[in-house]
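# Architecture and fold: a report
Okay, here's what each chain looks like letter by letter:
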Amino acid sequence: FPSHDRVEGKPKLENLSDGGQEYMAIRFQRRKGDTSLSTTVESTADLSAVIWPGGGAQVGAATPVGTDYEEVVFRAPVSKANAVRQFMRVKVVRN
């Protein structure tokens, strides 16, 4: 399989401290002002779930990346202390 480590803007999972709690977070780039795409962060504790019910809370403001993109960070809705397992993904849908 080819390595995609050098692909800029792909989602990256990270740890985030917010309000004294540790959270799973996801960082990614999206196009600025593109109304043809809808981007949603989803989370779940069960990978076999058909619908991922959890959302994500954006942390801070988007950071511009060049003229066409911005980088955003979303944290899981549940802290690591209160969730045994957590999974996050970015869902992109063409409107």
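Residues numbered from 1 in each chain as written. Predicted model: local features only at pLDDT ≥ 70, side-chain atom pairs only at ≥ 80, totals over all residues. Heavy atoms only, no water.

Before going further, it helps to spend a moment on the overall build of the chain. A count of helical and extended segments in the chain gives zero helices and seven strands. Start at the N end of the chain and walk to the C end: the helices and strands fall as β-β-β-β-β-β-β. With the C-alpha coordinates aligned to their principal axes, the bounding extent of the chain is approximately 40 × 30 × 30 Å. Counting all 95 residues of the chain, 25% fall into the buried class. Excluding contacts between residues fewer than 6 apart, the proportion of contacts in the chain whose partners are at least 24 apart in sequence is 60%. With the model as given, the accessible surface of the chain reaches about 6,600 Å², and the carbon-plus-sulfur share is 51%. (Helix = DSSP H or I, 4+ residues; strand = E, 2+ residues; numbered from the N terminus. Buried < 20%, exposed > 50% of the residue type's maximum accessible area, 1.4 Å probe, protein only. Contact = heavy atoms within 4.5 Å. Areas by Shrake-Rupley, 256 points an atom, 1.4 Å probe, with all protein chains shown as cover.)

Counting eight residues, the largest nonpolar core is built from M24, I26, F28, V41, V72, F74, A76 and M88. Elements with a contribution of two residues or more to this core: β2 (21-31) and β6 (69-75). The biggest single contributor to this core is β2, with three residues. Once residues lying within four places of it in the same chain are set aside, the contact partners of A76 are Y23, M24, Q86 and M88. (Core = buried A, V, L, I, M, F, W, Y, C linked by side-chain atoms within 4.5 Å.)

Our next topic: the side chain of S43. On the secondary structure map, S43 appears in strand β3 (residues 37-44). Residue contacts for S43: discarding those within four places in its chain leaves W52, P53, G54, G55, P77, F87 and M88.

Below, the discussion takes up the pairing of strand β1 (residues 12-18). Across seven bridges, β1 lies against β2 in antiparallel orientation. Its bridge partner being in β2, L13 is matched across the sheet by I26. Counting the residues in the hairpin turn of β1 and β2 gives two residues, including G19, whose phi is positive at 60 degrees. (Pairing = 2+ DSSP bridges.)

This part covers the packing of aromatic side chains. With the rule as written, the count across this model stands at one aromatic pair. Here the aromatic rings of F28 and F74 are separated by 6.0 Å at their centres, their planes lie at 15 degrees, and the arrangement is stacked. Here F28 is found in strand β2, whereas its partner F74 is found in strand β6, with 46 residues between them in sequence. Side by side, F28 and F74 carry an identical accessibility label, which is buried. For the cation-ring pair, R89 lies above W52, with the distance from its terminal atom to the ring centre recorded as 3.9 Å. (Phe/Tyr/Trp six-rings, centres within 6.5 Å; stacked < 30°, edge-to-face > 60°. Lys NZ or Arg CZ within 6 Å of the ring centre and 35° of its normal.)

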